[in-house]
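Residue-level structural notes
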Amino acid sequence: MIERADYYAAKLAYETDASDVHAARMAGETIYVIDVRSDEAWAQGRVAGAVHMHYSEIATRAPAEIPAGAPVVVYCWSPGCNAGAKGALEFSKLGYEVREMIGGFEYWVREGYPVEDADGVHRRPVDPLTGIARVRTRA
């Protein structure tokens, strides 16, 4: 059974999710949230306050823009996208403490966390299949 515990401990060391990232930010933790998608994807919307750094640019840009040793979380579109893993690999090669946000931007949006685009910061309704939707009751 220790093998299973080791596996899950390692998994949590390398992954996080939208809920935990949001909670850490709300608690005042300094986390560099990095959107590793294309320019077109970034323009459609992103995690509010994220830094845009396509995974192919990390090796050259990260050392100049992200402090060494800083905690980094990378994300891409969704569970069906592996750009987050590509970005995490590049940050890892540079020695950063990096985790991939499982679910990507899709689950950030579906859980109702702040999204930023050309119109500013806003929230979309919570998808009750992925987040807790507050139900209004009649008095």
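In this report, we go over the structure that sits alongside the text. Counting of residues starts from 1 at the beginning of each chain's written sequence and follows it residue by residue. Whole-chain, interface and lining totals are the exception, using all residues; otherwise, since this is a predicted model, local features are given only for residues with pLDDT of at least 70 and side-chain atom pairs are given and counted only at 80 or more. Hydrogens and water are ignored here; the side-chain numbers use all heavy atoms of the structure.

1. Regarding the overall build of the chain
Selection rule: Helix and strand definitions follow DSSP, with helices as H or I runs of at least four residues and strands as E runs of at least two, each counted in order from the N terminus. Only the C-alpha atoms count toward the radius of gyration. The rule for a globule is 2.2 Å times the residue count to the power 0.38. Burial classes: relative accessible area under 20% of the type maximum marks a residue as buried, over 50% as exposed, and values in between as partly exposed (1.4 Å probe, protein chains only). All accessible areas in this document rest on Shrake-Rupley with a 1.4 Å probe, and a residue is counted as covered only by the protein chains that are shown. Charged residues are defined narrowly, with Lys and Arg counted positive, Asp and Glu counted negative, and His plus the chain ends left uncounted. Charge coordinates come from a single atom per side chain, which is NZ of Lys, CZ of Arg, CG of Asp or CD of Glu.
Looking only at helices and strands, the chain features six helices and eight strands. Ordering the α and β elements of the chain from the N terminus gives α-β-α-β-α-β-β-α-β-α-β-α-β-β. In summary, the chain has a C-alpha radius of gyration of 16 Å against a globular reference of 14 Å for 139 residues, a match within 12%. Counting all 139 residues of the chain, 37% fall into the buried class. Of the accessible surface of the chain, which amounts to about 8500 Å², a share of 53% is contributed by carbon and sulfur atoms. In the chain, 15 positive and 20 negative side-chain charges are present, and the distance between their average locations comes to 7 Å.

2. Let's talk about the nonpolar core
Convention followed: Only buried residues count toward a nonpolar core, which is a set of Ala, Val, Leu, Ile, Met, Phe, Trp, Tyr and Cys residues joined through side-chain atoms within 4.5 Å. Whether two residues touch is decided by their heavy atoms; if any such pair falls within 4.5 Å, the residues are in contact.
The biggest cluster of nonpolar side chains holds 16 residues, and the ones touching the most others in it are Val33, Val47, Tyr75, Met101 and Trp108. Going through the elements one at a time, helix 2 (18-26), strand 5 (71-75) and helix 6 (104-110) are the ones with two or more residues in this core. Leave out the neighbours within four places in its chain, and valine 47 touches Arg25, Val33, Tyr75, Met101, Phe105, Trp108, Pro114 and Glu116. Core analysis: the second largest hydrophobic core is formed by 15 residues, Val36, Ala70, Val72 and Val74 among them.

3. Focus: the sheet that holds strand 7 (residues 115-117)
Heads up, the condition is: Should DSSP find at least two bridges between two strands, the strands are regarded as paired.
Pairing is antiparallel across the open sheet formed by three strands, whose spatial order is 3-7-8. The open sheet has two edge strands with one neighbour each: strand 3 (46-47) and strand 8 (120-122). In terms of strand pairing, strand 3 meets strand 7 through two bridges, oriented antiparallel. Within strand 7, the position partnered with arginine 46 by the bridge is glutamate 116.

4. Section: the sheet that holds strand 1 (residues 15-17)
For the record, the criterion: Comment: axis = line fitted to C-alpha atoms, over the contacting stretch for helices; angle = value between 0 and 180 degrees taken between N-to-C directions.
Reading across the sheet, the five strands line up as 1-6-5-2-4 and stay open at both edges, with parallel pairing between neighbours. Pairing within the sheet leaves two strands with one partner each, and these edge strands are strand 1 and strand 4 (51-52). Helix 1 (residues 2-14) rests against strand 1 and strand 6 (97-102) of the sheet, and its axis sits at about 95° to strand 6. Packed on one face of the sheet, helix 2 meets strand 1, strand 2 (32-35), strand 5 and strand 6 and runs near 80° to strand 1.

5. Structural notes on the environment of glycine 80
Tracing the chain through its elements places glycine 80 in the loop between strand 5 and helix 5 (83-93). Distance from glycine 80 to glycine 104, taken between C-alpha atoms, is 9.0 Å for residues 24 residues apart in sequence.

6. Looking at the pattern of salt bridges
The test is simple: For this document, the term salt bridge refers to a Lys or Arg side-chain nitrogen within 4 Å of an Asp or Glu carboxyl oxygen.
Scanning the entire structure with this criterion turns up six salt bridges. Each of the salt bridges in this network shares a partner with another, and the network as a whole consists of Glu57, Arg61 and Glu65.

7. Concerning the pairing of strand 2
Note that strand 2 and strand 5 share four bridges and pair parallel. Its bridge partner being in strand 5, tyrosine 32 is matched across the sheet by valine 72. Pairing of strand 2 with strand 4, which is carried by two bridges, proceeds in the parallel orientation. Of the residues in strand 4, the one forming a bridge with isoleucine 34 is valine 51.

8. Side note on the packing of aromatic side chains
In this description, a pair of aromatic rings is defined by centroid distance and the angle of the planes. The cut-off we apply is this: Within 6.5 Å between ring centres, the rings of Phe, Tyr and Trp (the latter by its six-membered ring) count as paired, and their orientation is classed by plane angle as stacked under 30 degrees, edge-to-face over 60, tilted in between.
What the rule picks out here adds up to five aromatic pairs. Aromatic pair tyrosine 75 and phenylalanine 105: ring centres 6.3 Å apart, planes at 25°, arrangement stacked. Here tyrosine 75 is found in strand 5, whereas its partner phenylalanine 105 is found in helix 6, with 30 residues between them in sequence. An angle of 50° between the planes, with centres 5.0 Å apart, marks the rings of tryptophan 108 and tyrosine 113 as tilted. Both residues of the pair, tryptophan 108 and tyrosine 113, count as buried.

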